[in-house]
Amino acid sequence: MFPPDKLNVATQFAVDARGVRKRFGTIEALRGLDLAIRAGEIYGLLGPNGSGKTTFIRCVAGLLRSEAGTLTVLGGTPRAAVSAGRVGYMTQVAALYGDLSVDENLRFFAALQGVAHADERIAEALRTVDLLDRRRSVVNTLSSGMRTRVSLAATLLHRPSLLLLDEPTVGVDPLLRQEFWAYFRRLASSGTTLLVSSHVMDEASRCDRLGLIRAGAVLAEGTANELVARAGTPDLESAFLALAEAR
Amino acid sequence: MNGHRVRAVAKRIVLGFRRDRRSLGLLFVAPVVVLSLVGAVWGIATERAPVVVLATDRFSGPANVIDRFLASSAIHGRRATYDDGLRQLRRGEADALVWLDSPNATLHIVTEGSDPLANGTIGAAVQRAVADGLSSLGQLPGPKVVIEQLYGGADYTLLDYLAPVLVAFFAFFFIFLLSAVSFLRERTTGTLERLMATPLRRGELVLGYLAGFSFFALLQAIVILLFTVLVLRVHYRGNLATIFIVEAVLVVGAVSLGLLVSAAARNELQAVQFVPIVLLPQVFLSGLLIPVDQLPDYLRPLSAVLPLTYANEALRSVMIKGYELADPLVLRDIGILVAFGLVMAIGAVASIRREVA
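What counts as what
- Note that residues are indexed from 1 along each chain, following the sequence as it is written.
- Starting at A for chains and at 1 for ligands, labels are handed out in the order in which the entities are written.
- In keeping with the model being predicted, local features are shown solely for residues with a pLDDT of at least 70 and side-chain atom pairs are shown and tallied solely at 80 or more, while totals for entire chains, interfaces and linings include all residues.
- Numbering goes from the N terminus for both helices and strands, where a helix is a DSSP run of H or I of at least four residues and a strand is a run of E of at least two.
- Computation of the radius of gyration draws on C-alpha atoms, with the globule rule given as 2.2 Å multiplied by the number of residues to the power 0.38.
- In this scheme the burial state of a residue depends on its C-beta neighbours within 10 Å: 20 or more other such atoms mean buried, 12 or fewer mean exposed, and anything in between means partly exposed; the C-beta positions come from the backbone.
- We call two residues in contact whenever the C-beta atoms placed from their backbones are within 7 Å.
- Paired strands are those between which DSSP finds at least two bridges.
- Just so you know the grouping, Ala, Val, Leu, Ile, Met, Phe, Trp, Tyr, Cys and Pro go in nonpolar, Asp, Glu, Lys and Arg go in charged, and all remaining residues, Gly too, go in polar.
- To obtain each axis, a line is fitted to C-alpha atoms, and for helices this fit is confined to the stretch in contact; angles are then taken between N-to-C directions over 0 to 180 degrees.
- In this scheme, roughly parallel covers angles under 35 degrees and roughly antiparallel covers those over 145, while 65 to 115 is roughly perpendicular and the rest are oblique.
- Each crossing gets its hand from how the near helix is turned against the far one by less than a right angle, where anticlockwise is left-handed and clockwise is right-handed.
- Throughout the structure description, domain borders are defined by an automatic or database domain assignment.
- Given a helix with a known number of residues, its expected span is that number minus one, times 1.5 Å.
- Each residue carries a pLDDT score, the predictor's own confidence in it, on a scale running from 0 to 100.

(A) Spotlight on the overall build of chain B. Counting its regular elements, chain B contains 13 helices and 4 strands. The C-alpha radius of gyration of chain B comes to 27 Å, more than 25% above the 21 Å expected for a compact globule of 357 residues. The principal-axis extent of the C-alpha atoms belonging to chain B is close to 90 × 40 × 40 Å. Each of the 357 residues in chain B was classed as buried or not, and the buried ones make up 39%. Taking contacts inside chain B between residues at least 6 apart in sequence as the whole, the part at least 24 apart equals 79%.

(B) Quick look at the pairing of strand β9 (residues 217-222) of chain A. Residues and elements named next belong to chain A. Pairing between strand β8 (residues 209-214) and β9: 5 bridges, direction antiparallel. Residue pairing for β9: Leu210 is matched across the bridge by Gly222. Adjacent in sequence and paired antiparallel, β8 and β9 are bridged by 2 residues, among which Ala215 carries a positive phi angle near 50 degrees.

(C) Molecular detail of unusual backbone geometry. The phi angle at A:Asp130 is positive, at roughly 60 degrees, despite the residue not being glycine. Within the fold, A:Asp130 resides in the loop between α4 (118-128) and α5 (144-156). Take A:Asp130: there are 14 C-beta atoms within 10 Å of it, and that puts it in the partly exposed class. We note that B:Arg233 has phi near 60 degrees; this positive angle belongs to a residue other than glycine.

(D) Spotlight on the interface of chain A and chain B. In this complex, chain A contributes 23 residues to the contact, which on the side of chain B involves 21 residues. A total of 4 residues in the side of chain A that touches chain B trace back to one element, the largest contributor, which is helix α3 (residues 102-112) of chain A. Residues of the side of chain A that touches chain B, tallied by class, amount to 14 nonpolar, 6 polar and 3 charged.

(E) Highlighting the packing of helix α8 (residues 202-231) of chain B against helix α9 (residues 240-264) of chain B. Residues and elements named next belong to chain B. With their axes 8 Å apart at the nearest point, α8 and α9 run at an angle of 130 degrees to one another. Taken as axis vectors, α8 and α9 run oblique relative to one another. Where α8 crosses over α9, the two elements pack in a sense that is right-handed. Contacts between α8 and α9 involve Val206, Tyr209, Leu210, Phe213, Ser214, Ala217, Leu218, Ala221 and Leu225 on the former and, on the latter, Ile243, Phe244, Glu247, Ala248, Val251, Val252, Val255, Ser256 and Leu259. Its residues placed into classes, the contact of α8 with α9 shows 15 nonpolar, 2 polar and 1 charged.

(F) Molecular detail of the sheet that holds strand β3 (residues 96-101) of chain B. Residue and element names in this part refer to chain B. In space, the 4 strands of this open sheet follow the order β2-β1-β3-β4, with mixed pairing throughout. The sheet terminates laterally at β2 (76-80) and β4 (106-111), the two strands that pair on one side only. On average, each strand axis in the sheet is inclined to that of its neighbour by 30 degrees, with strand direction left out of account. Alignment of strand β1 (residues 51-55) against β2, held across 5 bridges, turns out to be parallel. Bridging across to β2, Leu54 finds its partner in Arg79. Together, β1 and β2 form the strand contacts of helix α3 (residues 63-71), whose direction differs from that of β2 by roughly 130 degrees.

(G) Main features of the domain arrangement of chain B. Here chain B is partitioned into domain 1 (3-43 + 157-351) and domain 2 (51-137). Placing the centre of domain 1 of chain B and that of domain 2 of chain B at their C-alpha centroids yields a distance of 48 Å.

(H) Here's a closer look at the packing of α3(A) against α4(A). Residues and elements named next belong to chain A. Following both chains from N to C, one finds α3 and α4 inclined at 120 degrees, their axes separated by 10 Å at the closest point. One element, α3, and the other, α4, form an angle in the oblique class. Judged by the sense of rotation from one axis to the other, the crossing of α3 with α4 is right-handed. Together, Asp103, Leu106, Arg107 and Ala110 of α3 and Ala118, Arg121, Ile122 and Ala125 of α4 make up the contact between the two elements. Split by residue class, the contact of α3 with α4 holds 5 nonpolar, no polar and 3 charged.

(I) Examining α8(B) more closely. When the terminal C-alpha atoms of α8(B) are compared, their 42 Å separation across 30 residues agrees well with the 44 Å that a helix rising 1.5 Å per residue should span. At the exit of α8(B) stands B:Arg233, carrying a positive phi of roughly 60 degrees.

(J) Layout of the confidence of the model for chain A. All names here are of chain A. Averaged over every residue, the pLDDT of chain A is 87; the share at 70 or more is 95%. Looking at the elements of chain A, mean pLDDT is at its lowest for helix α7 (residues 201-204), recorded as 77, and at its highest for α3, recorded as 96. Contacts of residues 1-11 to residues separated by more than four positions or lying in other chains number 25 contacts, the stretch itself having pLDDT below 50.

(K) Seen up close, the environment of B:Arg266. Position of B:Arg266 among the secondary structure elements: in the loop between α9 and α10 (268-285). For the pair B:Arg266 and B:Thr188, spaced 78 residues apart in sequence, the C-alpha to C-alpha distance is 8.0 Å.

(L) Quick peek at the sheet that holds strand β1 (residues 13-24) of chain A. All names here are of chain A. In space, the 3 strands of this open sheet follow the order β2-β1-β4, with antiparallel pairing throughout. Here the strands that pair on one side only, and so sit at the sheet edges, are β2 (27-38) and β4 (68-73). Ignoring which end each strand starts from, the neighbouring axes of this sheet average 20 degrees apart. Judged from the 9 bridges that link them, β1 and β2 form a sheet pairing that is antiparallel. By the bridge assignment, Ala17 is partnered in β2 with Leu35.

(M) Examining the confidence of the model for chain B more closely. Overall, the prediction assigns chain B a mean pLDDT of 84, with 91% of residues at 70 or greater. For this predicted complex, the interface confidence score (ipTM) comes to 0.87, while the overall pTM stands at 0.80.

(N) The arrangement of the environment of A:Ala80 in detail. One can find A:Ala80 in helix α2 (residues 78-83). Remark: the alpha-carbon pair of A:Ala80 and A:Ala242, spanning 162 residues in sequence, is separated by 39 Å.

(O) Geometry of the pairing of strand β6 (residues 162-166) of chain A. Residue and element names in this part refer to chain A. Across the 5 residues that make up β6, a large majority, 5, are buried. Of the two faces of β6, both are covered, the one formed by Leu162, Leu164 and Asp166 as well as the one formed by Leu163 and Leu165. As paired strands, strand β5 (residues 87-90) and β6 are joined by 4 bridges and run parallel to one another. By the bridge assignment, Val87 is partnered in β6 with Leu162. Two elements, β6 and strand β7 (residues 193-198), share 5 bridges in a ladder whose sense is parallel. By the bridge assignment for β7, Leu164 is matched with Leu195.

Spelled out as structure tokens, the structure:
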């Protein structure tokens, strides 16, 4: 288990987005998005493909600049949080160096994050994703599920306060998915904040709170039960559809 | 700027190539193969004596002059009629048809003409044969000419002149290509996005790339130099350290240019299409094949902005003339290469936007 970093006391929110807008040419990817993620919670960003989930996560990771609105991450700008090594970003595709071994990849990312005692941290992260025995394997020889697990391990090395996980369970078998979520829960209970994007509704019930996002704006926010109750539907999927139509 | 992060990026590049045998082959084997070919073509005196037909029906003179002319080692001489000689020339059986227009004392040389380079060689060979023929009359047609050289010598071949510039060309070509493709992979596989979501700064990333590829460029230079000096027996007078310094500053420009090109390309095929745009002008305008002072005036400014122009001049000065690092010409060339590298590196940093989508 990774102990959490101390969260900036200036804010109670790990991520605070107000009226965030982002445009790519003629396409408006984020249209005044508002949401707030509390420290130590698992926040699920739920929505169909193209709804703006990845764009928002990339804004939080300091990779995109919003054109309007304010976005506070761990009490400062997104870039400041990233530069301080307090953010971990797991991309949708397992972005790793295929010619390097698992160990070499992790060692590289540990060096970039300035991780001390890299050996222990790498072993710890690999144990978490159940890949300790593949430490010497070249990444190109691994299955896509294994690469996703290595990618997650690379995100955990520096024990970030905020974990951004963009569809982390795509291509992961159901058993391992179960283990991932159990691990996410342990991280959250130790104080780490997790922002998880997904378009799979059954994963949503595992999050503390959800933001239903469509066409670059949040339709509704709350726990899964609250959203279902608000929509008056039997499940989350139909709640999402009902809330989308109500807009 | 964090040295640990720069070192991590450089190490990542070196480790990555360790398992990429094709790229390693491209770096180290390809130059050796090409140099072997260059050595075979230009490394030995391969001048072939041309076949020269003397048109006997148009030329008469003292028999001993004609005999000496035809027996000259500069040519393979034979006799034929003018018409037969022309036929041989057309069929490619002879390189030149020769006769003397007695009333005007004009020596006529007819060549096949489709190869302008061959014309000069044949003309010179015939003139040597004429001199041999006239020597039978007991007098030489003018003073004896002795040519001495400040640098090089009679035993220097074209390869000696080409080797220094090939060292520069290979370094630039392969390092440019590999850095462009490597960085493009960072962009297309998502690793660049991942790197940009870490504390790594753009300048640190470029510096790491420069350090990683400089390592390979210097290894390549060692392989090329050892091969040219020990196997091809190229004459070499300069200081090895000076050669490496010139190489290193050239490589800074090559890597940075590769990074810049990778920003303009969407895939590896497009990146490769930049090779002729970046390299062919340098092949023709940097003094690699044609001396810069023989270029047309309007091409000189273009030659003046190409990095290989200065690398070639510096490496020839060091390897053929034995100039030291402190020589003003070498220092000036290195200075210009450093400036080029800096401009390209700044451009490369600017090309890596945070918004990498």
